[in-house]
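For reference, the chains in residue letters:
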Amino acid sequence: MTAQSSAVKPAVFAKFGAYFACKLKFLRPNIIMNGILALLSYPLAFGLLIPLSAACEKYYELADQGIDIYMDSWAFTARNTMNQWNDIAVTGMVIGAICLVLLFVFTLVTTVRGFRYLYDKTYVDMDYSLPINGNTRFCADTLAVLSATIVPHILSIMIGIILINFINFDALFSAEEYTWLITQYMFTGLFSCVMLVGLTMMMLSFCGKKAEAYIYPVLINIAIPFIHTLCVYIVQNNTYGATWDYSFRSVLQIGVTSPVGMVLASFIPVLNAMVPDALPVFTPEYGISALVFTLIFFAAAYFLIKYRRNERVGSPYVYNSMTYIIPGVIIFAVALPICEQIFDSLKDGESPAGWLIGLVISTFVLYVIMELISGKNFRKFHITVAKWAATVAVSAGITSVLFFSNGFGAAYYVPDVGEVARASANIYGRYPNVSNSNYHIQETDDEDVIRIITDIHSDIPKEAVDTDENSGCFVNIEYILKNGSSVSRLYWVSREQYAEFIERAVTPKTFYDNTVNNLLYEQADGCDEIGAVTAYSSSRQSVTDTSGLTVDEFLGAVEKDSEKVTSDLLYSAAGEYEMYIYLSLSRKNGGSSQIGLQIYSWMDNTLSLLRRYGADIGGGIDVSEYKAAYIVKFDGTNGYNYYVDDIIALCDGVTEQSVDDPEYYGGDKYVYTVTDWYSFGKADITDSRIAELEKGACAVSPFTTETAYLLILTKADGYYGFIGGNKEYVERWISEEYYDLAEEVYRDYLLPESAVNTPQAL
Amino acid sequence: MIEVRNAVMRFDDKNALDGITLSVPEGCAYGLLGSNGAGKSTLLRLLSGIYRANSGEVRIDGEEVYDNASVKERVFFINDETVQFNNMTLTEMRDYYKRFYGSFSEELWQKLHSALELPLKKRLNTFSKGMKRQAAVICGIACRTPYLFLDEAFDGLDPTMRIIVKQMLIDAMVDNKLTVIFSSHNLGEIDEFCDRVGLLHNGKVVFDRELDSVKGSVFKIQTAFESPVTREQLSGVDILHMETSGSVVHIIARGDREAVRAAVEKFSPKLYDEIPLSLEEIFVYEMEVLGYDSSKLGG
């Protein structure tokens, strides 16, 4: 028995070797082509970067010595040499990129050619009549195809890795760590080509004709990542209003299911502005899954080829079920986005007729083309129509499930803190045009802040999407995960939830980051001194020279103040004020920039620091400095939309005809009415109640949809003085505890409609 | 020994082979006859292990053929197309088969090649159809497999080449006890070359017998009667075809000659002559019985 086995084995290997050699010989043109493309990819691109980096190094050496390139011939030559090598290297990289794409394409072509007997009848007789069994044939063919495609690819990577070591990346990018990333990209490309061979073999095992054998592996390769991303987009867009861009940036999983997806997924971390430790396929999560999928493709190809029936070669599909499945997948890819638009229209109560027509025409034309490729002569055209209709119906059904199921709960996925590299959040209030109603948590890698975000995220009720969207409140969260993908979520929440989340989001750390985020950025960019402070509130503006005030000093003061922050201080700041200031910053090595930030009256340390440097930072308003007062009442508003000029004009007896600007109002005549959403009147500035109201006033507009009162104080005593140039004024929102008094003043001074609405005007 | 039992080969909803059973003894030259689409090529592909039967058994020397490398090493199949070798030269084609068949004889190949004088270095796509066929045949014979299957083997060969190739096959059969199955529409060649024939029609075996037995069992009788005799009156005779021309009656009959003669002589014929039939005539009359006849052309 043993003797027999040992006798058989060499024979089997001899046959394997013979068949493998024959197949390699057959693939010789492909091997040559792949070899040329491989040599023109990484080796060419990196090879040309070597002289470029050397030229850059030489030039920067001279530049660092302070040599004027226009005066010194050596420096001038060095710069020209660098520019020439730069042009050559860019050309080389473009050629390299094109060759890589072609290498990918030729991997597919070589695989299709290597398994010619799967779709060409003449080769069925030639290959299957040989004295070898199916296993030997499959293994030899697979090895031959891999040798013809992957070996040149590996050689080019090896040469590339050697060449990288000769490139001075410091001179090119100042980023040596990219070497490891570039190497990972090269191996991602290689892995995707191995997966491409597997997927193509699997697809070939279904196809019985040359046209199908070439077309369908290509289409499926594109369709898989496209469908995958679209499915995620539909779920995310429907649930959170996410965009296509957001959806794509979150689908690292496409790198697992298809070769094209693997290449695309490797660029997702870059799109998320992240240099990952490892590209997706080099992480256990995606790498193992991609490997498993690749093995599944090869294993499926093995069994499908083993059990396929050679007599069906020449038919479009060797397996009958594929007659429906493969065109079905292609049609699904086309129908998916259109069906999503149809459901979107239905949801919004709009007519989907246009999209329906688009769906019918596009899918039908595509289906007929696929039938023609399959050699159908349409003698039974009604069967084609029925198959198309069923395919579209199934596509629409799957889309509807995705659309209405919130991805079977995947929509409510909350990542673990440990998985998150960076996170940010926006908690929006009812009035997006009023800054105070929103709170932003800057993108941060601080674990405590990330935990606050994930905690808020976890506590958003699952039915949140169904809550009254008219609350106007929503929470927008974005995570960049450590694996390089992003998760973006937007939930509509009730006003109570909004208030609760704001309370949790406002912490010393988040407030500090929010307040000085831009300043920190400028500091990192070399700004170390605040040369001047411009304080701004309503129409009041003052500029103070604060030379000597360092950024560090200012940051220290803000940090100290931040310890006191609570949501009450920010959103229920009755009697407090906020102020926008602009800091003019100067850099150590010259240059300047300006940034704006918001400070509050309770920020004692910051205010005292600024005042110490002479900055005119506002506090309470001295009413006696003003010459006129106007009181405005808002009733059940949807936002504070008013025009100070109009209020002053109308109160001072100018009719609406004079103040109207038809263009401003879109051509409509302005009609003042006390039943409108706001009404007003001019108060006597000497009325002691005005000073009383000011005590409880602040610059912060209240977050309410109920009644609110606004006091406008001007330095001019009337409309003509105001438009004559003295436009200085302040807006003071009355505190709720003074509303009774405000109502009393309002009633006393309310401008009657008849005062401005003349019969001619109406 | 080749044995096929109840083999069914289904193409979509049609049975290309519908439960056929036949056997071919070793050293036999077997001719496969049949109308177009009868299933001859399909049967040869089954025997070569290219196709797998939907049901039934296909065995060579007692072993299943499909996906069995050791059996396939004893089989060489030359199909009716040769385009797959287009990119090879004759030398490359020889080397190709030499790698797979351990029994390949270089010496024999050289001998056969010298008889045909085919160009060695030219690609086969520059060869005529007949030259490609010769190339395939010499490779097949040089492989010295015990079984050689040829589909439309002599198609494209000129008369001289037919004789040469036939002689090569005969020599191989004598020298190597080669079992040959070949399908052809040229019944004269099968008549000359084969010692056993099988007739296929619509995927079924009409007969599978020794050629002599076939030829002996179907014959033509030329006879004349005093008074007209109808086909029904000759009900004891298996008549394939009957035609009356004046007083002379031509009958194509099947069965035992003596029994047929006794049945006809009951009607006291004035004339009784037995005329042997060619294989082609037998094929035509047999197929006519199966409803496959040239009279359809004229309506």
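Preceding this section is the structure that the text describes.
Attention in this report is confined to the structure presented alongside it. (Residues numbered from 1 in each chain as written. Chains lettered and ligands numbered in written order. Predicted model: local features only at pLDDT ≥ 70, side-chain atom pairs only at ≥ 80, totals over all residues. Heavy atoms only, no water.)

## Digging into the pattern of salt bridges
Side chains that differ in sign of charge can pair as their charged atoms come close.
Consideration 1: With the rule as written, the count across this model stands at 36 salt bridges over all chains.
Consideration 2: Taking the shortest distance from any N to any O, the salt bridge between A:K15 and B:E73 comes out at 3.0 Å. With A:K15 in helix α1 (residues 2-26) and B:E73 in the loop between α2 (69-72) and β6 (75-78), the pair connects residues from two separate chains.
Consideration 3: Owing to a relative accessible area of 11%, A:K15 belongs among the buried residues under this scheme.
Consideration 4: Here B:E73 falls in the partly exposed class, since its relative accessible area comes to 27%.
Consideration 5: Taking the shortest distance from any N to any O, the salt bridge between B:R74 and B:D61 comes out at 2.7 Å. (Salt bridge = Lys/Arg side-chain N within 4 Å of Asp/Glu carboxyl O. Helix = DSSP H or I, 4+ residues; strand = E, 2+ residues; numbered from the N terminus. Buried < 20%, exposed > 50% of the residue type's maximum accessible area, 1.4 Å probe, protein only.)

## So, the nonpolar core
Consideration 1: Counting residues in hydrophobic clusters, the biggest one holds 164 residues, and the most contacted among them are B:M93, B:Y97 and B:F149.
Consideration 2: At twelve residues, helix α15 (residues 322-347) of chain A tops the list of elements feeding residues into this core.
Consideration 3: Apart from residues no more than four positions distant in its own chain, B:Y97 is found in contact with A:L130, B:F76, B:F85, B:F104, B:C139 and B:C143.
Consideration 4: Of all hydrophobic cores here, the second largest spans 56 residues; its members include A:V551, A:A557, A:L570 and A:L583. (Core = buried A, V, L, I, M, F, W, Y, C linked by side-chain atoms within 4.5 Å. Contact = heavy atoms within 4.5 Å.)

## Considering the pairing of strand β8 (residues 179-183) of chain B
Residue and element names in this part refer to chain B.
Consideration 1: Within β8, five of the five residues are buried, which leaves it mostly tucked inside the rest of the structure.
Consideration 2: With burial as the criterion, each face of β8 is covered, one bearing T179, I181 and S183 and the other bearing V180 and F182.
Consideration 3: Inspection of the sheet shows strand β3 (residues 29-34) paired to β8 by four bridges, in the parallel sense. If you follow Y30 over to β8, its bridge partner there is I181.
Consideration 4: Examined bridge by bridge, strand β7 (residues 147-151) and β8 share five bridges and lie parallel to one another. (Pairing = 2+ DSSP bridges.)

## As for the layout of surface pockets
Residue and element names in this part refer to chain A.
Consideration 1: Taken as a whole, the largest pocket spans an internal volume of roughly 960 Å³.
Consideration 2: Around the largest pocket, the lining is made up of 32 residues, and of these Y42, A97, L100, Y185 and F267 lie nearest the centre.
Consideration 3: Elements with a minimum of two residues in the lining of the largest pocket: α3 (42-64), α4 (73-114), α8 (178-204) and α12 (259-266).
Consideration 4: With nine residues, the top contributor of residues to the lining of the largest pocket is α8.
Consideration 5: Looking at side-chain class alone, the lining of the largest pocket contains 25 nonpolar, seven polar and no charged residues. (1 Å grid on protein atoms, 1.4 Å probe; cavity = no way out; pocket = protein on both sides within 12 Å on 5 of 7 lines; lining within 4 Å. Points joined across faces, edges and corners; volume = space filled by probe spheres on them. Nonpolar A, V, L, I, M, F, W, Y, C, P; charged D, E, K, R; others polar.)

## Side note on the side chain of A:T142
All names here are of chain A.
Consideration 1: Mapped onto the fold, T142 is located in helix α6 (residues 134-164).
Consideration 2: Residue class for T142 comes out buried when judged on its relative accessible area of 9%.
Consideration 3: A distance of 2.7 Å separates a polar side-chain atom of T142 from the backbone oxygen of F138.
Consideration 4: Setting aside its immediate chain neighbours within four residues, T142 contacts F115, M201 and F298. (Polar contact = N/O pair within 3.5 Å; in protein donor to acceptor, adjacent residues only side chain to side chain.)

## Quick notes on the packing of aromatic side chains
Consideration 1: Tallying each qualifying case throughout the model produces 27 aromatic pairs over all chains.
Consideration 2: When the centroid spacing of 5.2 Å and the interplanar angle of 75 degrees are considered together, the rings of A:F138 and A:Y302 count as edge-to-face. Here A:F138, found in helix α6, pairs with A:Y302, found in helix α14 (residues 284-307); they are 164 residues apart in sequence, far enough to count as distant.
Consideration 3: In this structure A:F138 comes out as buried when scored by relative accessible area, which is 10%.
Consideration 4: Relative accessible area serves as the criterion here: at 21%, A:Y302 is assigned to the partly exposed category.
Consideration 5: Each member of the aromatic cluster is reached from another via a ring pair, and the members are A:Y19, B:F76, B:Y96, B:Y97, B:F100 and B:Y101.
Consideration 6: One Lys or Arg, A:R137, reaches over the ring of A:Y128 and ends 3.8 Å from the middle of that ring.
Consideration 7: Residue placement shows A:K715 over the ring face of A:Y626; its charged tip is 5.2 Å from the ring centre. (Phe/Tyr/Trp six-rings, centres within 6.5 Å; stacked < 30°, edge-to-face > 60°. Lys NZ or Arg CZ within 6 Å of the ring centre and 35° of its normal.)

## So, the packing of helix α20 (residues 508-524) of chain A against helix α21 (residues 551-562) of chain A
All names here are of chain A.
Consideration 1: Two elements in contact, α20 and α21, have axes separated by 9 Å at closest approach and are oriented at 170 degrees. When the interaxial angle is binned, α20 and α21 end up roughly antiparallel. Only V551, D552, F554, L555, V558, E559 and S562 of α21 make contact with α20, whose side of the interface consists of P508, F511, Y512, T515, V516, L519, L520 and Q523.
Consideration 2: Counted by class, the contact of α20 with α21 contains ten nonpolar, three polar and two charged residues. (Axes fitted to C-alpha atoms, helices over the stretch in contact; angles between N-to-C directions. Parallel < 35°, antiparallel > 145°, perpendicular 65-115°, else oblique.)

## Describing the interface of chain A and chain B
Consideration 1: Taken together, the 26 residues of chain A in the interface contact 30 residues of chain B.
Consideration 2: Where chain A touches chain B, the interface holds three salt bridges.
Consideration 3: For the pair chain A and chain B, the number of links is nine residue pairs in polar contact (both at pLDDT 80 or more).
Consideration 4: Counting only elements with at least two residues in the side of chain A that touches chain B, the list comes to α1, α5 (121-128), α6 and α14 of chain A.
Consideration 5: Counting residues per element, the side of chain A that touches chain B draws most heavily on α5(A), at seven residues.
Consideration 6: For the side of chain A that touches chain B, the class distribution of residues is eleven nonpolar, five polar and ten charged.

## Brief notes about the sheet that holds strand β2 (residues 439-444) of chain A
Residue and element names in this part refer to chain A.
Consideration 1: Sheet architecture is open: four strands sit in the order β2-β1-β3-β4, paired in antiparallel fashion. Because the sheet does not close on itself, it has two edges, and the strands there are β2 and β4 (486-493). The sheet shows a mean angle of 10 degrees between the axes of neighbouring strands, direction not considered.
Consideration 2: Relative to strand β3 (residues 473-481), strand β1 (residues 420-428) runs antiparallel, the two sharing eight bridges. Bridge pairing in β3 links A423 to Y479.
Consideration 3: Helix α19 (residues 495-505) contacts β1, β2, β3 and β4 of the sheet and is inclined by roughly 130 degrees relative to β1.

All quantities given are derived from atomic positions and should not be read as evidence of function.
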